[in-house]
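# Architecture and fold: a report
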Amino acid sequence: MSIELKNVSKHFGDVPAVNQVSFSVRDGELMALLGPSGGGKTTVLRMIAGLETPTDGDIFIRGERVNDIKVQKRNIGFVFQNYALFQNMNVFKNIAFGLKIKKWRPGKIKTRVEELLRLLGLEGFENRYPHQLSGGQRQRVAIARALAPKPSVLLLDEPFGAVDAKIRQELREWLVRLHHDLNLTTLFVTHDQEEAMEVSNRIVIFSRGYLEQVGTPREVYEQPANEFVARFIGVMNVLELTVKKGIGRVGELAFPAAGYPDGEKVRIGFRPFSVQISPDLNHYPYPAVIRQTYFLGVMLRLELQLPSGLVLRSRMTKEEYAALALYDGRKVSIQIRNYRILAKEHEPLGPELTTPEKTSLYIGEGI
Amino acid sequence: MPGYLKSKRPGASTASMRGTEESPFFKWLLISIALLFAVVFLLLPLINVFAQALSKGWMVYWRALSDPDSLAAIRLTLLVAAISVPLNVLFGLASAWAIAKFSFRGKSLLNTLIDLPFSVSPVVAGLMYVLLFGLQGHFGQWLNEHDIKIIFAVPGIVLATLFVTFPFVARELVPVMESTGSEQEQAALTLGANGWQTFWRVTLPSVKWGLIYGVILCNARAMGEFGAVSVVSGHISGMTDTMPLRVEKLYNEYNSAAAFATASLLALLALLTLGIKTLLEWNQAREYARAQSARTLAEPGAAFVAPPQQSTP
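### Considerations on the overall build of chain B
A tally of regular secondary structure across chain B gives 15 helices and zero strands. For chain B, restricting intrachain contacts to residue pairs at least 6 apart in sequence, the fraction spanning at least 24 positions comes to 74%.

In structure tokens:
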């Protein structure tokens, strides 16, 4: 294990920012700390770096407990959200800073800095000052500076937060490639679930100081641990059912709810892919109208309205849409294939349930 | 499309103007007013000082400056500046750091106190020290018994100067430090630097310009202070006269050529510090320009294409 947290908490005064968090980052892993703003993820990153002291719990880096080791001695590379480049130093001196502090010989420093300039595509920029660089270049200088003293782990705080959307996409791909080449254990903070899903091997999901789930992008998407994760990762339809005689109902939709007392409110959730659509009005049990279709490139997002006014979101490919001859305003029949019973926040989700197939025709695959 | 071109012509002279831009008349009016004031109230009097100083020739000028009392005044002025400027730099750095980077009880009080010397008349400042350390003052008796002279001696002049120059460095540094924040310093820590290294290599350079302006202002005031120093000095020729006091004394003795000679030297010192500042700025600008024009191999986008063969990190 490269990084390990055991029951780590952090309180700012009386305000708990991080509560009893435990997770570990494996050697060579590229891991994301994901969550909404103010969720405590940056605090966790800063505690690992040694920029904050945990109120409680233990932090290990490469098996060594580092709680009492100063930030200078932890041998970590840290990339700040706004890069925090030294404004009075040019690119070369920025990258060389850590090496100078470690008293490397000038010749060795020059070789190392040139190597990093090459690796990060910054050749020719070594004399520029930070204010003379673009956002993307600044970020690469910040990464080069953090990598220069050969840290054992690389920590990045919202690495793509400060650059515009187009460059962000390039930087993501580039970070994956860099990580692949260096094989350096990397932990980065992001509030963008798409970014975390696309870039990382595994994701740690935070909300309001609590760890919600740790898993691969596929795991957190397909087996969300709780409602927060289910709603935060990807899109989810959430309905509140009222139970009567073993059946939970909302609008015209009905789901089996055996074992729940009458009057109980039960919440269920399902992915857009679980909503099956047929142009044949008798094919599925529920009637609906396609209220609006949104084009998202290859995929389309559909808003379906039921006669009771209930609105559901669905997804399909352009080809499926064309094959079913759908259009806005068209009447269709629908069914919800897979769904989960949702529990309260921080509590585990119920198992995935399947509505029995009525026919062989269905749209979409699983959730 | 001649018709199209013609239709544009009427507005052509103003076509390139942005909505927020003032009319050329207004622009030149403002520039003229600023220039006129600068010339009439700043440049002409300054030139006049030098003209008057040299009105009776270089010999008189030289004799006025080499007079032992004048030399003593020059020495004292330099000494006072040499003591009070470093002390104010130290105080300014400490208080600016405290205000910009920490939050604590009494922070706003400290912030207000720093401005006190700006709002108190220098004469009052001088009097305060007389009331504290003078013979009739609170500590006067004790100081007298221990044979320590503060008022009508060099220490009093230094104290008074320290008081009036108190805010200059801190006032310049606080906004700079506040805008810089502490991320650069944290970055230095993660790269292995200790507190001292961080201060010398990151903090100090990042507030360099604020510090330079502060020192220049502080120095100018330390050399030029009249009111506060006048109260505590006692005007002992060759002993406790600083240059500004010496100028006044000579002028009152109808020795205007010598008065202007000393005054011109004071003005020269001020011009020199401004010259140094300009030189530093010019150097910095040249360094940036050189860095900007440096050969650029790869344009931003190109860097993302296939990173070259990688060696161990």
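Let's pick the thread back up.
### Overview of the overall build of chain A
Helix and strand content of chain A: nine helices and 21 strands. Counting only C-alpha atoms, chain A reaches 80 × 45 × 30 Å along its principal axes. Per-residue burial over chain A gives 44% buried out of 367 residues. In chain A, 63% of the contacts between residues at least 6 apart in sequence involve partners at least 24 apart.

### Some words on the interface of chain A and chain B
Between chain A and chain B, the contact holds 41 residues from the first and 32 residues from the second. Looking at the side of chain A that touches chain B, the elements with two or more residues in it are strand 6 (76–79), helix 2 (91–101), helix 3 (106–119), helix 4 (135–147) and helix 5 (165–182) of chain A. If one sorts the elements of the side of chain A that touches chain B by residue count, helix 5 of chain A sits on top with six residues. In terms of residue class, the side of chain A that touches chain B is built from 19 nonpolar, 13 polar and nine charged.

### Examining the sheet that holds strand 3 (residues 30–34) of chain A
All names here are of chain A. Spatially, 6-7-8-3-9-10 is the arrangement adopted by the six strands of the open sheet, whose pairing is mixed. Only two strands of the sheet have a single neighbouring strand rather than two, namely strand 6 and strand 10 (210–215). Adjacent strand axes in the sheet meet at a mean angle of 15 degrees, parallel and antiparallel pairs treated alike. Where strand 3 meets strand 9 (residues 202–207), four bridges bridge the pair, whose relative direction is parallel.

### Remarks on the packing of helix 6 (residues 107–119) of chain B against helix 9 (residues 154–180) of chain B
Residue and element names in this part refer to chain B. Running from N to C, helix 6 and helix 9 point in directions that differ by 130 degrees, and their axes come no closer than 7 Å. One way to sum up the angle between helix 6 and helix 9 is to call them oblique. Handedness of the helix 6/helix 9 crossing: left-handed. Here Ile 114, Asp 115, Pro 117 and Phe 118 of helix 6 come into contact with helix 9, specifically with Phe 163, Val 164, Phe 166, Pro 167, Ala 170 and Arg 171. Its residues placed into classes, the contact of helix 6 with helix 9 shows eight nonpolar, no polar and two charged.

### So, the sheet that holds strand 17 (residues 299–305) of chain A
By definition, the strands of a sheet pair up through backbone hydrogen bonds, in either a parallel or an antiparallel sense. Residues and elements named next belong to chain A. The strand order across the open sheet formed by five strands is 15-19-16-17-18, and the pairing between neighbours is antiparallel. Each end of this open sheet is capped by a strand with a single partner; those strands are strand 15 (275–278) and strand 18 (311–317). Going from strand to strand, the sheet's axes swing by 45 degrees on average, the running direction of each strand aside.

### Some details on the confidence of the model for chain B
Residues and elements named next belong to chain B. In the predicted model, chain B carries a mean pLDDT of 84, and 88% of its residues have values of at least 70. Confidence, expressed as mean pLDDT per element, reaches its minimum in chain B at helix 1 (residues 2–8) with 43 and its maximum at helix 10 (residues 183–190) with 94. Here residues 296–313 scores under 50 on pLDDT; set against residues more than four positions off or in separate chains, the count is 30 contacts.

### Remarks on the confidence of the model for chain A
All names here are of chain A. Chain-level pLDDT for chain A is 88 on average; 93% of the residues reach the 70-or-more range. Mean pLDDT across the elements of chain A bottoms out in strand 21 (residues 352–354) (69) and peaks in helix 2 (96). With pLDDT under 50 throughout, residues 358–367 is counted as low confidence; its partners more than four residues away or in other chains account for 24 contacts.

### What about the domain arrangement of chain A?
With domains assigned, chain A is organised as domain 1 (3–216) and domain 2 (272–354). On a C-alpha basis, the centres of domain 1 of chain A and domain 2 of chain A stand 40 Å from each other.

### Remarks on the pairing of strand 4 (residues 56–61) of chain A
All names here are of chain A. Bridge count for strand 1 (residues 3–12) against strand 4 is five bridges, and the pairing is antiparallel. Directly across from Ile 3, in strand 4, lies its bridge partner Ile 61. Note that strand 4 and strand 5 (residues 64–65) share two bridges and pair antiparallel. Across the sheet, residue Phe 60 finds its bridge partner in strand 5, namely Arg 65.

### Regarding the packing of helix 9 of chain B against helix 12 (residues 208–224) of chain B
To describe two helices that pack against each other, one gives the angle between their axes and the distance between the axes. All names here are of chain B. Two elements in contact, helix 9 and helix 12, have axes whose closest approach is 8 Å; the angle formed by their N-to-C orientations is 165 degrees. As the angle between them shows, helix 9 and helix 12 are arranged roughly antiparallel. When the axes of helix 9 and helix 12 are compared, the crossing they make is right-handed. Contact residues: helix 9 offers Thr 161, Val 164, Thr 165, Phe 168, Val 169, Glu 172, Leu 173 and Val 176, while helix 12 offers Gly 210, Leu 211, Tyr 213, Gly 214, Val 215, Leu 217, Cys 218, Arg 221 and Ala 222.

### Let's talk about the pairing of strand 18 of chain A
All names here are of chain A. Two elements, strand 17 and strand 18, share seven bridges in a ladder whose sense is antiparallel. Each residue of the ladder has a partner; that of Glu 303, found in strand 18, is Arg 313. Counted along the chain from strand 17 to the antiparallel partner strand 18, the turn is five residues long, and its residue Gly 309 has a positive phi close to 105 degrees.

### Quick notes on helix 12 of chain B
Taking 1.5 Å as the rise per residue, helix 12 of chain B with 17 residues should run 24 Å; its terminal C-alpha atoms sit 24 Å apart, in good agreement. Along helix 12 of chain B, the residues classified as buried are Gly 210, Leu 211, Gly 214, Val 215, Cys 218, Asn 219, Arg 221, Ala 222 and Met 223 of chain B.

### Focus on the environment of Arg 208 of chain A
Mapped onto the elements, Arg 208 of chain A comes out in the loop between strand 9 and strand 10. Overall, the presence of 17 C-beta atoms within 10 Å leaves Arg 208 of chain A in the partly exposed class.

### What about unusual backbone geometry?
Residues and elements named next belong to chain A. Not every positive phi belongs to a glycine, and Lys 150 is a case in point at roughly 55 degrees. Inspection of the secondary structure puts Lys 150 in the loop between helix 4 and strand 7 (153–157). Phi at Asn 183 takes a positive value of approximately 55 degrees, unusual for a residue other than glycine. Inspection of the secondary structure assignment puts Asn 183 in the loop between helix 5 and strand 8 (185–190). Under the C-beta neighbour-count criterion, Asn 183 is labelled partly exposed, with 14 such atoms within 10 Å.

### Here's the deal with the environment of Ala 96 of chain B
Residues and elements named next belong to chain B. By the element assignment, Ala 96 lies in helix 5 (residues 68–101). For Ala 96, a count of 25 C-beta atoms within 10 Å puts it in the buried group. With 139 residues separating them along the chain, Ala 96 and His 235 place their C-alpha atoms 35 Å apart.

Rules used in this analysis
- Along every chain, residues carry numbers that run from 1 in the direction the sequence is written.
- Following the order in which they are written, the chains are lettered starting with A and the ligands numbered starting with 1.
- Under the rules for a predicted model, residues below a pLDDT of 70 receive no local features and side-chain atom pairs below 80 are neither given nor counted, while totals for whole chains, interfaces and linings still include all residues.
- Where helices and strands are cited, they refer to DSSP runs of H or I of at least four residues and of E of at least two residues respectively, numbered from the N terminus.
- By definition, residue pairs are in contact when their C-beta atoms, positioned from the backbone, come within 7 Å.
- The exposure label follows from counting other C-beta atoms within 10 Å of a residue's C-beta, where the C-beta atoms are placed from the backbone and the thresholds are 20 or more for buried and 12 or fewer for exposed, leaving partly exposed in between.
- In this classification, the charged set is Asp, Glu, Lys and Arg, the nonpolar set is Ala, Val, Leu, Ile, Met, Phe, Trp, Tyr, Cys and Pro, and all remaining amino acids, among them Gly, are polar.
- For two strands to be treated as a pair, DSSP must find no fewer than two bridges joining them.
- Note on geometry: axes are lines fitted to C-alpha atoms, helical ones only across the stretch in contact, with angles between N-to-C directions running from 0 to 180 degrees.
- Note that the term roughly parallel is reserved for angles under 35 degrees, roughly antiparallel for angles over 145, roughly perpendicular for angles of 65 to 115, and oblique for everything else.
- Two helices cross in a left-handed way if the nearer one is turned anticlockwise from the farther one by less than a right angle. They cross in a right-handed way if the turn is clockwise.
- For every residue, the pLDDT score states the predictor's confidence, bounded by 0 at the bottom and 100 at the top.
- Delimitation of the domains relies on an automatic or database domain assignment.
- Multiplying 1.5 Å by the helix residue count minus one yields the expected span of that helix.

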